[in-house]
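# Chain and residue survey
One letter stands for each residue in the lines below.
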Amino acid sequence: MLFRSSFIKKKNLLPSNTPILMRSPQDNFLHFETYIKTLDISNEIVFLKPGTSIPLKRLMFLNFQPINALYCLPESFYELLYASFHSSHYSNCNRSVLLVARNEKIRNFENLDLVANHLEKWAKKNGLDFQILRSGSANFEETRRQFARAKFIFAIHGGANYNIIWSQVDTTLVEFIPIRSTDSLLHLALGFGQNYLPIAINHGKGDKFYEISPTQMDQILQFLDS
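First, a word on what this report is: a plain description of the structure on this page. Each chain carries its own residue numbering, running from 1 in the written order of its sequence. In view of the model being predicted, local features appear only for residues whose pLDDT reaches at least 70, and side-chain atom pairs are presented and counted only at 80 or more, with totals across whole chains, interfaces and linings using the full set of residues. Only hydrogens and water are removed before side-chain values are computed, so all heavy atoms of the structure are retained for them.

### Observations regarding the pattern of salt bridges
Note the following rule: What makes a salt bridge here is a side-chain nitrogen of Lys or Arg within 4 Å of a carboxyl oxygen of Asp or Glu, nothing more. For the purposes of this entry, the term helix denotes a DSSP run of H or I that reaches at least four residues, the term strand denotes a run of E that reaches at least two, and both are numbered from the N terminus. To sort residues, take the accessible area from a 1.4 Å probe on protein chains only and compare it with the maximum for the residue type: under 20% means buried, over 50% means exposed, and anything in between is partly exposed.
Inspection of the entire model under this criterion finds eight salt bridges. Between Arg95 and Asp170 there is a salt bridge, with its nearest N and O atoms 3.1 Å apart. One end of the pair, Arg95, is in the loop between α3 (75-85) and β3 (96-101); the other, Asp170, is in the loop between β6 (150-156) and β7 (172-180), with 75 residues separating them in the sequence. With relative accessibility at 16%, the residue Arg95 sits in the buried group. On the accessibility criterion, Asp170 (29% relative accessible area) is partly exposed. Taking the shortest distance from any N to any O, the salt bridge between Asp207 and Arg180 comes out at 3.7 Å. Separated by 27 residues along the polypeptide, Asp207 in the loop between β8 (195-204) and β9 (209-210) and Arg180 in strand β7 bring together distant segments of the chain. Connected through shared salt-bridge partners, Arg95, Lys151 and Asp170 make up one network.

### Some words on helix α4 (residues 112-125)
The cut-off we apply is this: One fewer than the residue count of a helix, multiplied by 1.5 Å, yields its expected span. By construction, the arc corresponds to the directions joining the helix axis to the C-beta atoms. Any pair of residues with heavy atoms lying within 4.5 Å of one another is described as a contacting pair.
Compared with an ideal rise of 1.5 Å per residue, which puts 14 residues at 20 Å, α4 spans 20 Å between its outermost C-alpha atoms and is within 8% of the ideal. When we look at burial in α4, the residues that qualify are Leu112, Val115, Ala116, Leu119, Trp122 and Ala123. Projected onto a plane normal to the axis of α4, the buried residues spread over an arc of 135° and lie on a single side. In α4, the exposed positions that point more than 90 degrees away from the buried face belong to Asp113, Lys121, Lys124 and Lys125. In this structure, the buried side of α4 is in contact with β3, β4 (108-109), β5 (129-134), β6 and α7 (214-225). Looking at the residues trailing α4, positive phi occurs at Gly127, about 70°.

### Here's the deal with the sheet that holds β3
Operational definition: For two strands to pair, DSSP has to find at least two bridges joining them. Interaxial angle, 0 to 180 degrees, is taken between N-to-C directions of lines fitted to C-alpha atoms, where a helix line uses only the stretch in contact.
With parallel pairing, five strands are arranged side by side in an open sheet as β5-β3-β6-β7-β8. What marks the edges here is a single partner per strand, and that holds for β5 and β8. Geometrically, the sheet is characterised by an average inter-axis angle of 20° between neighbouring strands, direction not taken into account. Sheet topology places β6 next to β7; five bridges connect them, and they run parallel. The residue of β7 that forms the bridge with Phe152 is Thr172. Packed on one face of the sheet, helix α5 (residues 140-149) meets β3, β5 and β6 and runs near 145° to β5. Along the sheet, α7 makes contact with β6, β7 and β8, crossing β8 at roughly 165°.

Take it as geometry only, folks, not as evidence of what the structure does.
The structure is reproduced here in structure tokens:
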């Protein structure tokens, strides 16, 4: 939705008095209005819930050719969206190595302390701050600030990683992804012009814990140093 809205806004495809229809955001998307405000969208937004219907006199929608695919958007969409959100506000702050720690029903670090210890030493060696973001309890402003400061982000695949939209263009996302029912943010990070390093983990997407070995951490950091 944000991709299409930014495209519509930048291309002036929609009169300001025309409402925008969209699905209701998920309950855990607590800062939806902030994203809309950032895009400078002043149109009335009408949320549609499953099974509801409303009368319309005229309907306009984007229909991409040759395939109208939901998750296969043109590169320009990513560029437009990132440009709308990217800010140089944190460009003079000390850069950091950010570890995103989940505390959810699935996809948590089994050995968070081990991962954190490796990253803290590596960050110090490279003259970077080290930060841990508890994604389930951090407020929006703290999340945005931490992602904006990060030079390197280490995270298991999850919704919090979409906050790379606030990160700088030279940021590297190191994403631990499962080999069963896999998913990743490769398209998003590369579309924003950022660096992306996927780390395949022998787990399923629904596993509660992901264990990262000391050897794996050493190999990842050696690769980033090369």
